[in-house]
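# Remarks on the overall topology
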Amino acid sequence: MKLIFLGPPGAGKGTLAAKATEILNVPHISTGAIFRAAIAAKSPLGLKVKAIIDSGKLVDDGTTIELVKERLAQSDAAKGYILDGFPRTIPQAEALADFSTVEKVVNFDIPDSSVVERLSGRRVCRGCGANYHVSFQKPKKDGVCDACGGELYTRDDDKKEAIEKRLEVYRAQTAPLIDHYRAKGILVDVDARPQVDTVVANFRKALSVQ
Ligand code: AMP
């Protein structure tokens, strides 16, 4: 199944995608995670995008589209994928339609107040990228990843000013994708406010998957 996960930052797209990738047996492709890995590796891409990402703005469409095009050309994405964090603009959506046919767009719906609470408490593993939350999804041991033992850290773009910027960018540039895909008849809404297990159940129901 070829899926897009849409929704504001902090809607839980990454956490859900980590579960859905196992349910559907397709790769989870997160442009944000690819950028963060490039930054950690200090690659030319990482050096180019670090300041942009830390400030909460979007990386330019050309760079992002090229990255996704190359990733979707890999063999593991032939039978399906979950795109998490892409497309984020109408030009990205139009470019994607030229090189792949998306079957469903899952719109994770959540109010701004919950977004701020979730993002400011989010912690990410430096080793494997797994997501935790200081109140809602605590690791067994403080500051340590359950899955790989890596160190948990707060993303620079999860700091207050960057969160506000990201929400503003989401409303202006990404939210129009909801109507764009609804008009194509492929959008399904999932209430992202409940606990993860309930959101997973809602997701299964919305896509009719066991
Ligand atoms: P995310 O992990 O999806 O929240 O992405 C983190 C950051 O990476 C975003 O705030 C953007 O700066 C950048 N980014 C991720 N995906 C895209 C995209 N599709 N277009 C532009 N910038 C992106």
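Because the structure is predicted, anything quoted here is derived from the model rather than measured.

The immediate surroundings of the ligand are formed by 16 residues, with Thr31, Arg36, Lys57, Gly85 and Gln92 found nearest. At 2.5 Å, a backbone N or O of lysine 57 approaches an oxygen atom of the ligand. Interatomic distance of 3.3 Å between a side-chain N/O atom of arginine 166 and an oxygen atom of the ligand. Bound to the protein, the ligand loses 95% of the 480 Å² it would expose on its own. Class assignment for the residues of the shell around the ligand results in 5 nonpolar, 5 polar and 6 charged.

What links the strands of a sheet is backbone hydrogen bonding, and the strands pair in either a parallel or an antiparallel sense. If you walk across this open sheet you meet the 3 strands as E6-E5-E7, and the pairing is antiparallel. Both edges of this open sheet fall to strand E6 (131-133) and strand E7 (152-153), since each of them pairs with a single strand only. Sheet topology places strand E5 (residues 122-125) next to E7; 2 bridges connect them, and they run antiparallel. In the sheet register, cysteine 125 faces E7, and the bridge partner there is leucine 152. Across the sheet, helix H6 (residues 112-120) is in contact with E5 and E6; its angle to E5 comes to roughly 45 degrees.

Inspection of the secondary structure assignment puts valine 49 in helix H3 (residues 44-55). Residue classification places valine 49 among the buried positions, given a relative accessible area of 0%. Beyond its immediate sequence surroundings of up to four residues, valine 49 is in contact with Phe35, Ile39 and Val59.

Moving on, we get to the packing of aromatic side chains. Considering all chains together, one arrives at 2 aromatic pairs under this definition. On the basis of an interplanar angle of 70 degrees and a centroid distance of 4.9 Å, the ring pair of phenylalanine 5 and phenylalanine 108 is categorised as edge-to-face. Remark: phenylalanine 108 occurs in strand E4 (residues 104-109) and phenylalanine 5 occurs in strand E1 (residues 2-6); sequence separation between them is 103 residues. Between phenylalanine 5 and phenylalanine 203, the ring centres sit 5.7 Å apart and the planes meet at 75 degrees, which makes this aromatic pair edge-to-face. Here phenylalanine 5, found in strand E1, pairs with phenylalanine 203, found in helix H9 (residues 196-207); they are 198 residues apart in sequence, far enough to count as distant. Like phenylalanine 5, the residue phenylalanine 203 is buried in the burial classification.

Thresholds applied
Residues numbered from 1 in each chain as written. Predicted model: local features only at pLDDT ≥ 70, side-chain atom pairs only at ≥ 80, totals over all residues. Heavy atoms only, no water. Near = heavy atom within 4 Å. Polar contact = N/O pair within 3.5 Å; in protein donor to acceptor, adjacent residues only side chain to side chain. Areas by Shrake-Rupley, 256 points an atom, 1.4 Å probe, with all protein chains shown as cover. Nonpolar A, V, L, I, M, F, W, Y, C, P; charged D, E, K, R; others polar. Pairing = 2+ DSSP bridges. Helix = DSSP H or I, 4+ residues; strand = E, 2+ residues; numbered from the N terminus. Contact = heavy atoms within 4.5 Å. Axes fitted to C-alpha atoms, helices over the stretch in contact; angles between N-to-C directions. Buried < 20%, exposed > 50% of the residue type's maximum accessible area, 1.4 Å probe, protein only. Phe/Tyr/Trp six-rings, centres within 6.5 Å; stacked < 30°, edge-to-face > 60°.

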